[in-house]
Amino acid sequence: MALDTFSAEILSIHQMTPRVKQYVLRAERALSYQPGQHTCIVLPREDERDAIRPYTAVSLPNDNQLALAIKRYEDGTVSGYMDERTVGDTITLIPFKGNLYLNDPEGANVFLSTGTGITPMIAMVRDFLSSPGGHATFIFGERTQEDLMYRETLDLLATEHDNLDVVYVLSHEDWDGPTGHVQDHVDDYVDDFTAGDFYVCGVPQMVVDTEERLLELGVADDRLFSEGWEAGAVAKEEE
Ligand SMILES: Cc1cc2nc3c(=O)[nH]c(=O)nc-3n(C[C@H](O)[C@H](O)[C@H](O)COP(=O)(O)OP(=O)(O)OC[C@H]3O[C@@H](n4cnc5c(N)ncnc54)[C@H](O)[C@@H]3O)c2cc1C
């Protein structure tokens with residue numbers, strides 16, 4: 001069966017960190033998705049199967065525009081292709097899907113992510129802030145300060161909203177904030193593990209370790225929502 005695809009024009013490209021660019025796109029059709037869900041970029045290839053990789057919108061649904069943040073991997077097929085795109089180029093996408101989206105905008109929400117696993121969290125925390133009430137704790141792990149995507153956005157949101165706490169955890173830099181892994185600090189910033197929803201996204205190992213820690217701390221299985229990705233990149237990240 002032929003894939004349902006649509007094209008989107010690149011309206012702007014912004015280098016966010018040394019390895020991550022944000023792309024603002026205008027699709028040829030109106031887009032429908034829940035914040036946290038992903039589209040896929042389709043890279044047609046002549047002599048082999050099309051390369052298809054998922055990417056999560058960081059923007060809230062708004063007619064036919066969307067923003068993606070994509071990290072470049074050395075030898076990465078689709079991330080390398082995107083790294084070479086320029087404004088005005090057209091790319092091919094498929095409709096949104098995925099199981100990661102906000103369940104209770106008025107409850108307690110804990111967002112735990114590392115690397116580009118932040119993308120669904122950015123969409124979901126903005127979705128959370130669009131309704132009054134509730135509380136959100138946003139814990140984001142990266143290697144160094146220069147790798148922190150959306151730091152300015154998150155700092156502004158936390159300044160504007162008393163019900164949002166943002167914490168950055170660095171694994172490869174000594175600084176005046178927490179260091180190590182996000183799962184090692186979650187109980188420093190969250191008081192009650194028996195209520196609320198816990199969202200986890202990052203490389204598969206981070207997701208496994210974080211889920212294990214949350215279950216140990218008393219989070220119920222059905223309050224835990226996660227997505228692991230970049231499986232091919234795990235070995236490289238850990239080198
Ligand atoms: C639901 C979901 C949402 C996602 N959202 C985002 C997002 O918003 N932003 C984002 O940046 N990413 C996101 N990802 C990850 C993304 O889909 C791709 O996995 C990522 O961009 C790498 O794809 P690629 O085609 O560039 O690399 P690939 O060609 O698939 O390679 C991945 C890495 O593995 C290495 N590699 C490839 N083949 C081999 C091999 N044979 N041996 C050793 N190493 C190898 C490459 O060098 C590269 O580093 C998401 C993933 C999922 C599952």
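On a predicted model such as this, the values are computed, not experimentally measured, just so you know.

K.L.:
Please clarify how the pairing of strand β2 (residues 20-27) should be interpreted in this entry.
P.N.:
Along any regular strand, the residues point their side chains to alternate faces of the sheet. Alignment of strand β1 (residues 6-17) against β2, held across eight bridges, turns out to be antiparallel. Considered in β2, the bridge of Ile13 is made with Tyr23. The turn linking β1 back onto β2 is made up of two residues.

K.L.:
Sorry if this is basic, but what is going on with the domain arrangement of the protein here?
P.N.:
For an interface, size is often stated in terms of accessible area lost upon the parts coming together. Under the domain assignment, the protein is made up of domain 1 (6-97) and domain 2 (108-238). Averaged C-alpha coordinates put domain 1 and domain 2 at centres separated by 23 Å. With 13 residues of domain 1 at the contact, the number on the domain 2 side is 13 residues. For the side of domain 1 that touches domain 2, the secondary-structure elements that each account for two or more residues are β1 and β5 (65-71). Class assignment of the residues belonging to the side of domain 1 that touches domain 2 gives a composition of nine nonpolar, three polar and one charged.

K.L.:
Is there a simple way to think about unusual backbone geometry in this case?
P.N.:
If a residue is not glycine, its phi is most likely negative; likewise, a peptide bond is most likely trans. Not every positive phi belongs to a glycine, and Asp75 is a case in point at roughly 65°. By C-beta crowding, Asp75 is classed as exposed, having 8 other C-beta atoms within 10 Å. If you check the backbone angles, Tyr150 has positive phi at about 60° while not being a glycine. When you line up the elements, Tyr150 lands in the loop between β8 (135-142) and α3 (151-160). Taking the number of C-beta atoms within 10 Å as the measure of exposure, Tyr150 has 23 and is therefore buried.

K.L.:
Could you clarify how one ought to interpret the nonpolar core in this entry?
P.N.:
Side chains of nonpolar character tend, in soluble globular proteins, to be buried together. If you look at the biggest cluster of nonpolar residues, it comprises 55 residues, and the most contacted ones within it are Leu68, Phe111, Leu112, Met121, Phe138 and Tyr199. By residue number, the principal contributor to this core is helix α2 (residues 118-129), which donates seven residues. Setting aside residues no more than four positions away along its own chain, Met121 makes contact with Phe111, Ser113, Phe138, Tyr199 and Cys201.

K.L.:
It is not clear to me how helix α5 (residues 204-216) should be interpreted in this structure. Could you clarify?
P.N.:
Counting along an α-helix, one turn takes 3.6 residues, and residues three or four places apart therefore face a common direction. Look at α5: 18 Å from first C-alpha to last across 13 residues, which is about the 18 Å you get at 1.5 Å a residue. If you check which residues of α5 are buried, you get Met206, Val207, Thr210, Arg213 and Leu214. Down the axis of α5, the buried side of the element spans an arc of 135°, and every buried residue falls inside it. Among the exposed residues of α5, those pointing more than 90 degrees away from its buried face are Glu212 and Glu216. Among the residues trailing α5, Gly218 stands out with phi positive, at a value near 110°.

K.L.:
Whenever I open this one, helix α4 (residues 182-189) confuses me. Can you help?
P.N.:
Turning to α4, its buried residues number three or more, namely Val182, Gln183 and Val186. Each buried residue of α4 lies within a common arc of 85° when the element is viewed along its axis, so the set occupies one face. The elements touched by buried residues of α4 are β7 (108-114), β8, β9 (164-170) and α5.

The rules we used
Residues numbered from 1 in each chain as written. Predicted model: local features only at pLDDT ≥ 70, side-chain atom pairs only at ≥ 80, totals over all residues. Pairing = 2+ DSSP bridges. Helix = DSSP H or I, 4+ residues; strand = E, 2+ residues; numbered from the N terminus. Domains from an automatic or database assignment. Contact = placed C-beta atoms within 7 Å. Nonpolar A, V, L, I, M, F, W, Y, C, P; charged D, E, K, R; others polar. Buried ≥ 20, exposed ≤ 12 C-beta atoms within 10 Å, placed from the backbone. Core = buried A, V, L, I, M, F, W, Y, C linked by C-beta atoms within 7 Å. Expected span 1.5 Å × (residues − 1). Arc of directions from axis to C-beta.

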